[in-house]
Structures are given as structure tokens and as C-alpha cells.
Amino acid sequence: MTNRFPSIYDDETVYSWFCRYLVNSGIWREHEIAKELFVNSTNVISKLFIGNINKDTENNIEKVISIENLLKHHTMFYVYTGYCSNDYANEFLYNLKTDCYKTELNIRRPRSENRQLKYCPMCIIEDRKKYGEAYWHNIHQIRMLPICPIHKCKLHNSEIRYIGYGRVREKLSPLEMMNLNFDVEYNTNEMLDKIVEYAIDRYYKQDIKDIGIDYLSIRKENWGLRSNIISFYKRYWY
Ligand SMILES: [Zn+2]
């Protein structure tokens, strides 16, 4: 660990934060990245979670933000637990802390969705004004969410895929180094109901089961599940 981590920006993904740290530290090669941040020399950066970080990284992160807050507010943790009970959320948090890669690999991959990291052209302009640079937002990566909840314009897909880590050798990709599309579109045809239906079918039934939670037992216990999911998505929709 050569340098201190910078401050993490509001709603910034861990991936984005790690990219900024590594680029500023002059660390580009994969084996150097793994040595710097992770337990195993074959580990690569996780786009949506945190990866199996080593003890030095953990200590250095804790100087800026607690691991728990980092996982809760800067990874997809809240999407996978937003409509689960506290017990399920805690179990997922424990699994992420214990073996993030295994937990992430166990989450079923979306079949018919876009699999790229997304960004909002308006957020980029505002972030550059506020922080001097743009970054990957966590909230934009919510699956099936096609619109920036802040600006209500369409999110653009980047060329960075968020799946396939461990197979694809990729360069570090801070948002500022991407080819960016600044077109702003407000054509919001996607209906919330459709998204919720999709979420229940594709996301809840499969993914939550895949992280080791029994779907049927939740179904019996949580009659309010559907309304929980709707309110979860509405939070980011309106
Ligand atoms: Zn935005």
C-alpha cells in the first residue's frame, strides 16, 4: 500500500474509487493491482461489489470509511437487500465480507439486460463542477433502472461490462477516461410496473435464491413483498 485512499465521492462505486486510487498511484498492471488490493494474485477488480481485499487494504479503507458503510452505500448491496428482512441483509453482508468473489459469482447473471456500467450525462457535468472530475455512480448501476433518478434523463451504457471478471483482462476504466456520450434524452417509456414485474421474476426469484436464501420461505413470511419491491424501485424512480 503506497498511498492513502482519496475521499470517496457521494454515491461513488467502490470500483470507481479503486480506479482513481490506482491511477493516481501509477498502478496499472493487473498483477500489481492484485498485489496492492487483494488477497490473491489472480483477483481482479469487482465492478459492482468490493472483491476479496487484503488486510492492508482493509486497514487503509477504514481510515476513510468503515467497510460496512462502504459495502452498504457504495456497492450493489442495497439493491440485493432493499426488500429483504434484516436477517437476510445481514447474512448477505456477512457473505460479502467473508468471500466477496464467491458471493458475487453465485448471483445469477442477467440474461436479457444490458450488462454495461451506466452513466448519466447530466451527473457528469454536475460532478465535474462540484468535484473537478466525474465518477461511476452506484445508483446508476441498479439493474433495470434506465433513467437517472436525479435528472430523469436516460442513462447511457458505457463499453465497460460489469460481468465476466476473472475471465476478461481489462484496463482500469475511471469514468473520466471513457468515450462519453453527452446526449440528453427524456424519453421515459419504460413503465414502473413492467420493471417491477421483471424484478420479481428475474431478479428476486432467481438471484435471491442464488445467494442462499429460500424463496418459498420468504414468500410465506412476507406477504408485503410485492409492495416492498415497488416502493424500493419507486424510491429511485420518482
Ligand atoms: Zn443524473
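Just so you know, these numbers come straight off a predicted model, no measurement behind them.

Scoring rules and cut-offs
- Residues numbered from 1 in each chain as written.
- Predicted model: local features only at pLDDT ≥ 70, side-chain atom pairs only at ≥ 80, totals over all residues.
- Heavy atoms only, no water.
- Helix = DSSP H or I, 4+ residues; strand = E, 2+ residues; numbered from the N terminus.
- 1 Å grid on protein atoms, 1.4 Å probe; cavity = no way out; pocket = protein on both sides within 12 Å on 5 of 7 lines; lining within 4 Å.
- Points joined across faces, edges and corners; volume = space filled by probe spheres on them.
- Buried < 20%, exposed > 50% of the residue type's maximum accessible area, 1.4 Å probe, protein only.
- Arc of directions from axis to C-beta.
- Contact = heavy atoms within 4.5 Å.
- Polar contact = N/O pair within 3.5 Å; in protein donor to acceptor, adjacent residues only side chain to side chain.
- Salt bridge = Lys/Arg side-chain N within 4 Å of Asp/Glu carboxyl O.
- Phe/Tyr/Trp six-rings, centres within 6.5 Å; stacked < 30°, edge-to-face > 60°.
- Donors = N, O, S within 2.8 Å, 3.2 Å for Na, K, Ca; no water.
- Tetrahedral: all angles 85-135°; square planar, octahedral: opposite > 155°, others 65-115°.
- Axes fitted to C-alpha atoms, helices over the stretch in contact; angles between N-to-C directions.
- Parallel < 35°, antiparallel > 145°, perpendicular 65-115°, else oblique.
- Left-handed = near helix turned anticlockwise from the far one by under 90°.
- Nonpolar A, V, L, I, M, F, W, Y, C, P; charged D, E, K, R; others polar.

(A) Broad picture of unusual backbone geometry. Positive phi is not limited to glycine here, since Asp11 has a value of about 60°. Here Asp11 lies in the segment before α1 (14-24).

(B) Expanded view of the layout of surface pockets. Considered as a void within the structure, the second largest pocket measures approximately 200 Å³ in volume. Around the second largest pocket, the lining residues are Ile50, Gly51, Asn52, Ile53, Glu58, Ile67, Leu71, Leu96, Lys97, Thr98, Asp99 and Cys100. Secondary structure elements with two or more residues in the lining of the second largest pocket: α4 (67-74) and α6 (86-98). Counting residues per element, the lining of the second largest pocket draws most heavily on α6, which supplies three residues.

(C) Expanded view of helix α3 (residues 55-62). Buried residues of α3: Thr57, Asn60 and Ile61, and no others. Taken down its axis, α3 places every buried residue within 100° of arc, on the same side. Of the surrounding elements, those touching the buried residues of α3 are α1, α2 (30-37) and α4. Capping of α3 at its N-terminal end is provided by Asn54; its side-chain oxygen lies 3.2 Å from the backbone amide nitrogen of Asp56.

(D) Looking closely at the pattern of salt bridges. As enumerated under the stated definition, the model contains six salt bridges in all. For Lys72, the salt bridge is made with Glu68, and the minimal N-O distance between the two is 3.1 Å. You can see Lys72 and its partner Glu68 sitting in helix α4, four residues apart, about one turn around the helix. Classification of Lys72 as partly exposed rests on a relative accessible area of 28%. Notably, a salt bridge pairs Glu176 with Arg128, separated by 2.8 Å at the nearest N-O pair. Remark: Arg128 occurs in helix α8 (residues 121-131) and Glu176 occurs in the loop between β2 (156-161) and α9 (192-210); sequence separation between them is 48 residues. Given the relative accessible area of 29%, Glu176 is considered partly exposed. For Arg128, a relative accessible area of 34% translates into the label partly exposed.

(E) Local environment of the packing of aromatic side chains. The full count for this structure, using the stated rule, is 11 aromatic pairs. Between the aromatic rings of Phe77 and Phe92, the centroid separation amounts to 6.0 Å while the plane-to-plane angle is 15°, which identifies the pairing as stacked. In this pair, Phe77 is assigned in helix α5 (residues 77-81) and Phe92 in helix α6, connecting sequence segments 15 residues apart. No difference in accessibility class separates Phe77 from Phe92, as the two residues are buried. Through a chain of ring-to-ring contacts, the aromatic side chains of Phe5, Trp17, Phe18, Tyr21, Phe38 and Tyr101 assemble into a single cluster.

(F) Up close: the coordination of the zinc ion. Protein coordination of the zinc ion is provided by Cys120 (SG), Cys123 (SG), Cys148 (SG) and His151 (ND1), with donor distances spanning 2.1 to 2.4 Å. Coordination at the zinc ion comes from four donor atoms whose angles at the metal span 105 to 112°, giving a geometry best classed as tetrahedral. All donor residues of the zinc ion come from one chain, and their arrangement in sequence is C-x2-C-x24-C-x2-H. You'll find Cys148 and His151 in the same group, each marked buried.

(G) View of the packing of α4 against α6. Between α4 and α6, the shortest axis-to-axis distance is 11 Å and the interhelical angle comes to 115°. By the angle class used here, α4 and α6 are roughly perpendicular. Relative to α6, α4 is oriented so that their crossing is right-handed. Only Leu93, Leu96 and Lys97 of α6 make contact with α4, whose side of the interface consists of Glu68, Leu71 and Lys72. Considered class by class, the residues forming the contact of α4 with α6 number three nonpolar, no polar and three charged.

(H) Examining the environment of Glu133 more closely. As for its position among the elements, Glu133 is in the loop between α8 and β2. Judged by its relative accessible area of 23%, Glu133 falls in the partly exposed class. A C-alpha to C-alpha distance of 6.9 Å links Glu133 and Glu176, two positions 43 residues apart in sequence. If we skip the residues at most four places from it in the chain, Glu133 touches Tyr9, Arg20, Asp127, Arg128 and Glu176. In terms of polar contacts, Glu133 uses its side chain to reach the side chain of Arg20, at 3.4 Å.

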